[in-house]
Amino acid sequence: MSRPRAEVERLCGEATRQKDLAHRRAEFWVKADIALGFPAALLAGVSGAAGLASADARVPAALVALAAAGCAAGAGFLRSDSRRLANKRARQAWAFVEARARMKLAQDRVLPEDLAEVLDSRQAALAAYEGEDPPPGPTPTATPG
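Let me begin by describing the structure that accompanies this report. (Residues numbered from 1 in each chain as written. Predicted model: local features only at pLDDT ≥ 70, side-chain atom pairs only at ≥ 80, totals over all residues. Heavy atoms only, no water.)

Below, the discussion takes up the overall build of the chain. Regarding its fold elements, the chain presents four helices and zero strands. Taken from N to C terminus, the helices and strands of the chain fall in the order α-α-α-α. The buried share of the chain, taken over its 145 residues, is 28%. Long-range contacts, defined as pairs at least 24 residues apart, comprise 84% of the intrachain contacts of the chain with a sequence gap of at least 6. Working note: accessible area of the chain is about 8900 Å², and carbon and sulfur atoms make up 62% of it. (Helix = DSSP H or I, 4+ residues; strand = E, 2+ residues; numbered from the N terminus. Buried < 20%, exposed > 50% of the residue type's maximum accessible area, 1.4 Å probe, protein only. Contact = heavy atoms within 4.5 Å. Areas by Shrake-Rupley, 256 points an atom, 1.4 Å probe, with all protein chains shown as cover.)

It is worth spelling out a nonpolar patch on the surface at this point. A grouping of V30, I34, F38, L42 and V46 is seen on the molecular surface, where their side chains present a nonpolar patch of about 470 Å² in accessible area. Topologically, L42 is positioned in helix 1 (residues 2-53). (Patch = residues over 30% accessible without salt bridge, like charges linked within 9 Å, V, L, I, M, F, W, Y side chains within 5 Å. Salt bridge = Lys/Arg side-chain N within 4 Å of Asp/Glu carboxyl O.)

In the contact formed by helix 1 and helix 2 (residues 58-78), the axes pass within 8 Å of each other and the chain directions differ by 155 degrees. If you check the angle between helix 1 and helix 2, you find them roughly antiparallel. Along this stretch, helix 1 crosses helix 2, giving a crossing that reads as left-handed. Along its contact with helix 1, which presents W29, L36, P39, A40, L43, A44, V46, S47, A50 and G51, the element helix 2 presents R58, A61, V64, A65, A67, A68, C71, A72, G74, A75 and L78. Along the lines of polarity and charge, the residues of the contact of helix 1 with helix 2 split into 17 nonpolar, three polar and one charged. (Axes fitted to C-alpha atoms, helices over the stretch in contact; angles between N-to-C directions. Parallel < 35°, antiparallel > 145°, perpendicular 65-115°, else oblique. Left-handed = near helix turned anticlockwise from the far one by under 90°. Nonpolar A, V, L, I, M, F, W, Y, C, P; charged D, E, K, R; others polar.)

Bringing the nonpolar core into the picture now. One finds V8, W94, V97 and V118 to be the most contacted residues of the largest nonpolar core, which totals 16 residues. Elements with a contribution of two residues or more to this core: helix 1, helix 3 (80-105) and helix 4 (112-128). Examining the composition of this core, we find that six residues originate from one element, helix 3, more than from any other. Setting aside residues up to four positions removed in sequence, V97 forms contacts with A15, V118, S121, R122 and A125. (Core = buried A, V, L, I, M, F, W, Y, C linked by side-chain atoms within 4.5 Å.)

Turning next to the pattern of salt bridges. Going through the model one piece at a time under the given rule, you end up with seven salt bridges. E14 serves as the salt-bridge partner of R10, at 3.9 Å between the closest nitrogen and oxygen. Note that R10 and E14 are positioned in helix 1 at a spacing of four residues, about one turn of the helix. According to the relative accessible area criterion, R10 is partly exposed, its value standing at 43%. Using a relative accessible area of 11% as the deciding quantity, one classes E14 as buried. A salt bridge links E98 to K19; the nearest nitrogen and oxygen atoms lie 2.8 Å apart. Of this pair, E98 sits in helix 3 while K19 sits in helix 1, and the two are 79 residues apart along the sequence. You can call K19 partly exposed: its relative accessible area is 22%.

Purely geometric numbers; function is a separate question.
The following block contains the structure:
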C-alpha cells in the first residue's frame, strides 16, 4: 500500500511545480499584453495627432502609425490575453490537484482508488491549458475521506 502513497506524493509535488509555473506564465503574458498593447495605443494616438497637425508631419505620422500597427499585430499574433487566461485556468486546476493529493495524503492509508482520483484531477489540469473547463465534480473540500 506504500506505492499508491508514493505516487500521490509525487503527483502532489508535480502539481505544486506546475501551479507555480502556470502562475509565472500568467504573469509573463500580462506583461507581454501591456508591453505590446500600450505602445500600440499610444503610437496610434500620436500618429493621428501628428498627421492632423500639419501637412509636413504626415510622413513621420505614417511611420509612427506603421509602428503602432506592428505592435497591434504582434499582440494579436501572440494572443497574450488568451494565453494569460489559459495559464490562470491551469493554475487553478493544478491547485485543485495539489489540494486533492494533500487530502489523500492526510489519510492513514492511500488506496489505489485515491490515486485514480488524483490522476483524474491531473488529466483535467493538463486539459486546462487547451481552454477546456474542468469536469463537473466535487471540490477538494467536499471529497469524503
